[in-house]
Amino acid sequence: MSAYPWGAALTNLWVSAVVVLVLFAAALVVAVRVRGNRHDGIDVVWGAGFGIVAITSLILSVGDGDLWRRLLITALTCVWGFRLAWHIERRNRGKDEDPRYVEIMAKAQGDPVVHIVRKVYVPQAVIMWVVSLPVQLGQYGYADGALAITVTVLGVLSWAVGFFFETVGDAQLATFKADPANKGQVMDQGLWRYTRHPNYFGDAAVWWGLTLLALHHPAGLIGLVSAALMTWLLAKGTGAKLLESTIGNRRPGYVEYVKRTSGFLPLPPRKA
């Protein structure tokens, strides 16, 4: 294991911060000037933004990290991020504005654009930068031997499990919703039988995998904060908790589904 190139890595951090700010500023301009104050496009930027940060880090880390690890981290991040962006864009196409953003704008006291920037754009930009730390720091430093091999194998396995849960869960839900007979019903089949949020669990597993890939050097321990933050947001923060705050009023049988189905980790259904 060689010395970690902290100077180059720190440069990467501030450059990526600028990239993230530019992305969210562009998303805001498009939302206000092009889409008539419709802001659900920021959800597309969320996934794609991680891929852009990974590519930025790949370019900046030339000569300061193992090529194979840099390419692996970038590829896995881009596959996850751009798939998520594509999925959300396709899901939102032809539909009204996301009710979450409608509610945020309705509660604005003063300029609604300033309000949503403060409530949504700035927090998401900061979170993106923090969560992406393993993707940035993991591309720096040289290491081989048992530790590098172990964290790589475990990281890829965790990423693969997460990507499976997210993509298959999304596909199963899309198929369920496409059937008119299921309108207003609860999706409790496939992966959704074992967790109420296979896509959120998948997201968390993906980021724990990317965090493991950065542990070839002790500097990667910083990424544990990122994985923990992403997991908390998905399980207890703005993910599952926010989604389920009103869904019980809109889906007959959802209360019973909650009683028998794990909220996050995939587990066998509980008996009534």
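Everything quoted here is computed from the prediction, not taken from an experiment.

J.: Can you walk me through the overall build of the protein chain in this structure?
T.: A count of helical and extended segments in the protein chain gives eleven helices and zero strands. Start at the N end of the protein chain and walk to the C end: the helices and strands fall as α-α-α-α-α-α-α-α-α-α-α. By the compact-globule yardstick of 19 Å for 272 residues, the protein chain fits well, its C-alpha radius of gyration being 20 Å. Overall, the C-alpha framework of the protein chain stretches about 60 × 50 × 25 Å when taken along its three principal axes. Long-range pairs, those at least 24 residues apart, make up 80% of the contacts in the protein chain between residues at least 6 apart in sequence. Taken as a whole, the protein chain presents about 13,500 Å² of accessible surface, with 68% of it coming from carbon and sulfur. Charge centroids of the protein chain, computed over 26 positive and 18 negative side chains, lie 6 Å from each other.

J.: How do you make sense of the packing of helix α1 (residues 6-34) against helix α5 (residues 112-131) when you look at a structure like this?
T.: When two helices pack together, their arrangement is given by the angle between the helix axes and the distance between those axes. Across the interface, α1 lies against α5 with an axial gap of 10 Å and an inter-helix angle of 150°. When the axes of α1 and α5 are compared, the crossing they make is right-handed. Only Val113, Val117, Tyr121, Gln124, Ala125, Met128 and Trp129 of α5 make contact with α1, whose side of the interface consists of Leu13, Ser16, Ala17, Val20, Phe24, Ala27, Leu28, Ala31 and Val32. Class assignment of the residues belonging to the contact of α1 with α5 gives a composition of 14 nonpolar, two polar and no charged.

J.: For this particular structure, what's the right way to read a nonpolar patch on the surface?
T.: A cluster of nonpolar side chains, Ile149, Val153, Leu154 and Leu157, forms an exposed patch at the surface whose accessible area comes to about 370 Å². With respect to the helices and strands, the residue valine 153 is situated in helix α7 (residues 146-178). What makes valine 153 partly exposed here is its relative accessible area of 43%.

J.: Before we go on, may I ask you to explain the nonpolar core in this structure?
T.: Generally speaking, a soluble globular protein has its nonpolar side chains buried in company with each other. Counting 42 residues, the largest nonpolar core has Phe24, Trp80, Tyr121, Trp207 and Leu210 as its most contacted members. Looking at this core, the elements that each hand over two or more residues are α1, α2 (42-60), α3 (67-92), α4 (99-106), α5, α7, α8 (198-213) and α9 (223-235). In terms of residue count, the dominant contributor to this core is α1 (eight residues). Core analysis: the second largest hydrophobic core is formed by eight residues, Ala9, Leu13, Leu133 and Leu137 among them.

J.: Could you clarify how one ought to interpret the pattern of salt bridges in this entry?
T.: Should the charged atoms of two oppositely charged side chains come close, the side chains can pair. Evaluated as defined, the whole model comprises ten salt bridges. In this structure, the salt-bridge partner of arginine 35 is aspartate 40, at a minimum N-O distance of 3.0 Å. We note a salt bridge from aspartate 43 to arginine 100, for which the minimum N-O separation is 3.1 Å. You can see aspartate 43 sitting in helix α2 and its partner arginine 100 sitting in helix α4, a full 57 residues away along the chain. Given a relative accessible area of 9%, aspartate 43 falls into the buried group. On the basis of relative accessible area, arginine 100 is assigned to the partly exposed category, the value being 35%.

J.: Would you take a moment to explain the packing of aromatic side chains for this structure?
T.: Each pair of aromatic rings is reported with the distance of its centres and the angle of its planes. Under the criterion given, the structure shown has ten aromatic pairs. On the basis of an interplanar angle of 85° and a centroid distance of 5.8 Å, the ring pair of phenylalanine 164 and phenylalanine 165 is categorised as edge-to-face. For phenylalanine 164, a relative accessible area of 43% puts it in the partly exposed group. Given a relative accessible area of 13%, phenylalanine 165 falls into the buried group.

J.: I tried to follow the environment of tryptophan 129 on my own but got confused; where do I start?
T.: Following the sequence through the fold, tryptophan 129 ends up in helix α5. Its relative accessible area of 26% is what places tryptophan 129 among the partly exposed residues. The spatial distance from the C-alpha of tryptophan 129 to the C-alpha of phenylalanine 176 is 34 Å, given a sequence separation of 47 residues. Dropping the residues within four chain positions of it, tryptophan 129 is found in contact with Leu13, Ser16, Ala17 and Gln136.

J.: Would you mind showing me how to read α2 here?
T.: Think of an α-helix as turning once every 3.6 residues; residues three or four places apart then point the same way. End to end, α2 covers 26 Å across 19 residues, agreeing with the expected 27 Å (1.5 Å per residue, within 8%). The largest bend in α2 is about 30°, located at alanine 48. Taking burial as the measure, the 19 residues of α2 include 14 buried ones, the bulk of the element.

J.: Explanation requested: the environment of proline 198 in the structure shown.
T.: Relative to the elements of secondary structure, proline 198 occurs in helix α8. Owing to a relative accessible area of 0%, proline 198 belongs among the buried residues under this scheme. Along the backbone, proline 198 and phenylalanine 164 are 34 residues apart, and their C-alpha atoms lie at a distance of 9.3 Å. Contacts of proline 198, omitting those with residues within four sequence positions, involve Phe165, Glu166, Gly169, Leu191 and Trp192.

Parameters at a glance
Residues numbered from 1 in each chain as written. Predicted model: local features only at pLDDT ≥ 70, side-chain atom pairs only at ≥ 80, totals over all residues. Heavy atoms only, no water. Helix = DSSP H or I, 4+ residues; strand = E, 2+ residues; numbered from the N terminus. Rg over C-alpha atoms; globule rule 2.2 N^0.38 Å. Contact = heavy atoms within 4.5 Å. Areas by Shrake-Rupley, 256 points an atom, 1.4 Å probe, with all protein chains shown as cover. Lys, Arg positive; Asp, Glu negative; His and termini not counted. Charge placed at Lys NZ, Arg CZ, Asp CG, Glu CD. Axes fitted to C-alpha atoms, helices over the stretch in contact; angles between N-to-C directions. Left-handed = near helix turned anticlockwise from the far one by under 90°. Nonpolar A, V, L, I, M, F, W, Y, C, P; charged D, E, K, R; others polar. Patch = residues over 30% accessible without salt bridge, like charges linked within 9 Å, V, L, I, M, F, W, Y side chains within 5 Å. Salt bridge = Lys/Arg side-chain N within 4 Å of Asp/Glu carboxyl O. Buried < 20%, exposed > 50% of the residue type's maximum accessible area, 1.4 Å probe, protein only. Core = buried A, V, L, I, M, F, W, Y, C linked by side-chain atoms within 4.5 Å. Phe/Tyr/Trp six-rings, centres within 6.5 Å; stacked < 30°, edge-to-face > 60°. Expected span 1.5 Å × (residues − 1). Bend = angle between axes of the 7 residues up to and from the residue.

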